[in-house]
Amino acid sequence: MPARHFDGPRLRSARLEAGYRKQADLAEVLGVSRSAIATWESGRGPDSERLPAIAKALGRDINLLFPRHGAPDLADLRCDAGYAQYEIEKLVGGKDAVGEAERGIRRLAPDLAVALAASYGVSGDALRAAEDRSFGGGEAPIPTTLAEKIAYLLAHTYPDRQPPSDAEMARGVNEAAGAEVISAEGMEGLRTGRLTETSPVIRQGLSQVFGVSEFFFQPNDLMVRQLVEGLRTLKLARAGRIGHIAARGLGDEGLSADVLAVVNDFVDNFHEEWEPGGGASADR
């Protein structure tokens, strides 16, 4: 899944709102061709390190224009700072070392980690956490706030397609409620944590949008932990790294017998219907 969600029509709207009536006008500011802008607006996004410059040119917050669903790894931090890999390696004098760390081959030396944190504008702890994710570690913590729960579901329930925008989520909630109960701006507030409380009808609508129990959006840690563990298990199943499981990973608060049965049934059916390479089996 991309580190940031790129939406071509959203980019076009932002361009027009910023006063760039022609694609060529924005292209000139960014130092690219008009056809590049046309390609981006059709849905094929640019390299990630271009996103900060695009957001700046349009006068928009990068986290709103190109929202991130999930925590960044080292490559994400570099792209957020607007550097290509060769540029940052030249700047900090870490030839090959940055790329090797981003690919999970070799850890950063302490002095290089300090230099990168300064260049990226993040703390040393944030840089090391991103490094852990580049090496396959740093599993996201169990979400507790409403914003964290929305972000978690956006990151983990849309592995093969683009996650919904704030406007699309708001529309889904309103359709579930049968009334206009939230706007796209209100949904953006819930997603980013600017708004921390909402009504039961909106929580119920969110549960239908994401296809989860409405208890996920209530302050019930056990329900959240079980759903998170179930999603992690399904992720392993999709990757072909699991065949059958027992309750695990959360001690006494692991998957319940009912949840475990559903997950194992999914895993069994998954392996019966699909070949390891991801294609359907011959008898399908």
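Residues numbered from 1 in each chain as written. Predicted model: local features only at pLDDT ≥ 70, side-chain atom pairs only at ≥ 80, totals over all residues. Heavy atoms only, no water.

## Digging into the overall build of the protein chain
Stated formally: Runs of E in the DSSP output that reach at least two residues are strands. Runs of H or I that reach at least four are helices, and both are numbered from the N terminus. Three exposure classes are used, based on accessible area relative to the maximum for each residue type with a 1.4 Å probe and protein chains only: buried under 20%, partly exposed in between, and exposed over 50%. By definition in these notes, contact holds between two residues if any of their heavy atoms fall within 4.5 Å. Residue-level accessible areas treat just the shown protein chains as cover; the underlying method is Shrake-Rupley with a 1.4 Å probe.
Within the protein chain, the regular secondary structure consists of 16 helices and zero strands. By residue count, 40% of the 284 residues in the protein chain fall in the buried class. Taking all contacts inside the protein chain whose residues are at least 6 apart in sequence as the whole, residues at least 24 apart take part in 58%. Surface accessibility of the protein chain: about 15,500 Å² in total, with carbon and sulfur atoms responsible for 49%.

## Notes on the environment of A113
Looking at the secondary structure, you find A113 in helix 9 (residues 110-120). Placed 14 residues apart in sequence, A113 and L127 show a C-alpha to C-alpha distance of 7.3 Å. Excluding its chain neighbours within four sequence positions, the residues that come into contact with A113 are L108, L127 and R128.

## Some words on the confidence of the model for the protein chain
Filter applied, for reference: By definition, pLDDT measures how confident the predictor is in each residue, and it falls between 0 and 100.
Looking at the protein chain as a whole, the pLDDT averages 78, with 71% of positions reaching at least 70. For the protein chain, helix 16 (residues 257-273) is the element with the lowest average pLDDT, namely 51, and helix 2 (residues 23-30) is the one with the highest, namely 95. Confidence drops under a pLDDT of 50 for residues 241-255, and excluding neighbours within four residues, the segment shows 36 contacts in the predicted structure. When the criterion is pLDDT under 50, residues 270-284 qualifies, and its contacts beyond four places in sequence or with other chains add up to 15 contacts.

## Digging into the nonpolar core
Note the threshold: Definition of nonpolar core: a set of buried residues of the types Ala, Val, Leu, Ile, Met, Phe, Trp, Tyr and Cys, connected through side-chain atoms within 4.5 Å.
Among the nonpolar cores identified, the biggest contains 19 residues, and L30, W40, I54, L58 and F66 are the most heavily contacted of them. Those elements that provide at least two residues to this core are helix 1 (8-17), helix 2, helix 3 (34-41), helix 4 (51-58) and helix 5 (62-65). Core analysis: the second largest hydrophobic core is formed by 16 residues, M169, I182, L190 and L206 among them.

## Thoughts on helix 13 (residues 184-192)
Residues that lie three or four places apart on an α-helix share one face, since the helix turns once every 3.6 residues. Of all the residues in helix 13, the buried ones are G186, M187, E188, G189, L190 and R191. In the stretch just after helix 13, G193 is the one whose phi turns positive, near 90°.

## Thoughts on the packing of aromatic side chains
Describing an aromatic ring pair means giving the distance of the ring centres and the angle of the ring planes. Note the cut-off: Ring pairs are drawn from Phe, Tyr and Trp, using the six-membered ring of Trp, whenever the two centres fall within 6.5 Å, and their geometry is named by plane angle: stacked under 30 degrees, edge-to-face over 60, tilted for the rest.
Per the counting criterion, the structure on display carries three aromatic pairs. Each ring, one from F6 and one from F66, has its centre 5.6 Å from the other, and the planes form 15°; the classification is stacked. With F6 in the segment before helix 1 and F66 in the loop between helix 5 and helix 6 (74-80), this pair connects stretches of sequence that are 60 residues apart. You can call F66 buried: its relative accessible area is 1%.

## Concerning the side chain of N174
Summarising the element assignment, N174 is placed in helix 12 (residues 166-177). Here N174 is in contact with A179, E180, V181 and I182, once residues within four sequence places are set aside.

## Some points on the packing of helix 2 against helix 3
What counts is decided by this rule: The axes are straight lines fitted to the C-alpha atoms, using for helices just the contacting stretch, and the angles between their N-to-C directions are given from 0 to 180°. Here is the rule for angles: anything less than 35 degrees is roughly parallel, anything more than 145 is roughly antiparallel, 65 through 115 is roughly perpendicular, and the remaining ranges are oblique. When the near helix sits turned anticlockwise from the far one by under a right angle, the crossing is termed left-handed; a clockwise turn instead gives a right-handed crossing. Each residue is assigned to one of three groups, with Ala, Val, Leu, Ile, Met, Phe, Trp, Tyr, Cys and Pro labelled nonpolar, Asp, Glu, Lys and Arg labelled charged, and all others, Gly among them, labelled polar.
At a minimum axis separation of 8 Å, helix 2 and helix 3 run at an interaxial angle of 110°. It follows that helix 2 is roughly perpendicular to helix 3 by the angle criterion. The handedness of the crossing between helix 2 and helix 3 comes out as right-handed. Of the residues in helix 3, those touching helix 2 at Q23, A24, L26, A27 and L30 are R34, I37, A38, W40 and E41. Along the lines of polarity and charge, the residues of the contact of helix 2 with helix 3 split into seven nonpolar, one polar and two charged.

## Let's talk about the side chain of R10
Note the following rule: Neither His nor the chain termini are counted; the positive set is Lys and Arg, and the negative set is Asp and Glu. Salt-bridge detection follows one rule: a side-chain nitrogen of Lys or Arg within 4 Å of a carboxyl oxygen of Asp or Glu. Here a polar contact is recorded for every N or O atom pair within 3.5 Å, except that within protein the pair must consist of a potential hydrogen donor and a potential acceptor, and residues adjacent in sequence are included only if both atoms are side-chain atoms.
Following the sequence through the fold, R10 ends up in helix 1. In this structure, R10 is buried with no salt-bridge partner, the nearest side chain bearing the opposite charge being D7 at 4.9 Å. From its side chain, R10 meets the backbone oxygen of L65 in a polar contact 3.5 Å long.

## Observations concerning the environment of Y152
Positionally, Y152 belongs in helix 11 (residues 146-156). A residue is classified by how much of its surface remains accessible, and Y152, at 4% relative accessible area, is buried. Separated by 82 residues in sequence, Y152 and G70 have C-alpha atoms that sit 6.8 Å apart.

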